[in-house]
Amino acid sequence: MKKLLALAFIFSFILGNAQVSEFQRADSRYERKKTALYKKYPKPNDLRTKKEWLLTEDKINSYKETLDKISEQEKKAIANDPPVKGKVTKEAEYETGKAAFLKSLYEAVDLTFLNYAADSYKATLHFVVDSKGNALDAEVKGNNEDVNAFIQAAFYRIQDKGKWKPASSNGKLVSSSISIPLTLTFKK
């Protein structure tokens, strides 16, 4: 059983890194196409705006497809190590603290290309920290599905920046669910 869990962890780590590169590929493809678009249409006009929005939609769809693949894989891992129901003796915590986690997350969220109308965005990030300290199955609940997807992608982008200490229940390490309220401020 331990070998199977170790193999599943190694597989999910490799797959997780591959998924992050999918986000990077989508970003790179978007930037290349946007640069070409700006060369073809150096001055803003309706056609350039329409084509730029189509590029943005393509980037959003690429992110969502990657997030769906990640979710599918991580649900399998969670089925083998489900979060405990009820109270735990000690909550899961980020090794350098919640403020450091939020700082990394906020820095990884790049929404400048969306031209979001509001000055700030409120959402809640839900995920599982398994008994080994892996953060899995991120889900963001907020009013805008596209913004949620980019926050969720940022969660996966920063996974190599720090570790989680799993929750414990009566001295035993256990999987647990985490919910963190988020407020992003947009620079205009």
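Reading guide: rules and limits
Residues numbered from 1 in each chain as written. Predicted model: local features only at pLDDT ≥ 70, side-chain atom pairs only at ≥ 80, totals over all residues. Heavy atoms only, no water. Pairing = 2+ DSSP bridges. Helix = DSSP H or I, 4+ residues; strand = E, 2+ residues; numbered from the N terminus. Axes fitted to C-alpha atoms, helices over the stretch in contact; angles between N-to-C directions. Patch = residues over 30% accessible without salt bridge, like charges linked within 9 Å, V, L, I, M, F, W, Y side chains within 5 Å. Areas by Shrake-Rupley, 256 points an atom, 1.4 Å probe, with all protein chains shown as cover. Salt bridge = Lys/Arg side-chain N within 4 Å of Asp/Glu carboxyl O. Lys, Arg positive; Asp, Glu negative; His and termini not counted. Charge placed at Lys NZ, Arg CZ, Asp CG, Glu CD. Buried < 20%, exposed > 50% of the residue type's maximum accessible area, 1.4 Å probe, protein only. Contact = heavy atoms within 4.5 Å. Core = buried A, V, L, I, M, F, W, Y, C linked by side-chain atoms within 4.5 Å.

## Considerations on the sheet that holds strand β3 (residues 135–142)
Part 1 of the argument: Taken in spatial order, the three strands line up as β3-β2-β7 in an open sheet, and their pairing is antiparallel. The sheet is open, and its two edges are formed by β3 and β7 (176–185), each paired on a single side. On average, each strand axis in the sheet is tilted by 25° relative to the strand beside it, whichever way the strands run.
Part 2 of the argument: With six bridges joining them, strand β2 (residues 120–129) and β3 adopt antiparallel strand pairing. Looking across to β3, one finds that H126 is bridged to E139.

## Points about a negative patch on the surface
Part 1 of the argument: A cluster of acidic side chains, namely E57, D58, E65, D68 and E72, defines a negative patch on the protein surface.
Part 2 of the argument: Here D68 shows up in helix α2 (residues 46–80).
Part 3 of the argument: We classify D68 as exposed; its relative accessible area is 54%.

## As for the environment of V88
Part 1 of the argument: Structurally, V88 can be placed in the loop between α2 and β1 (93–94).
Part 2 of the argument: Expressed as a C-alpha distance, the spacing of V88 and S175, which sit 87 residues apart in the sequence, is 9.6 Å.
Part 3 of the argument: Not counting the four nearest positions on each side in its chain, V88 is found in contact with A167, S168 and V174.

## Here we look at the nonpolar core
Part 1 of the argument: Counting 39 residues, the largest nonpolar core has F101, L125, F127 and F155 as the members making the most contacts within it.
Part 2 of the argument: Sorting the residues of this core by element identifies α1 (2–40), α2, α3 (98–108), β2, β3, α4 (145–157) and β7 as the ones contributing at least two each.
Part 3 of the argument: Considering every element that reaches this core, the biggest residue donor is α4, with eight residues.
Part 4 of the argument: Excluding residues within four positions of it along the chain, F101 makes contact with Y94, L125, F155, I158, W164 and I180.

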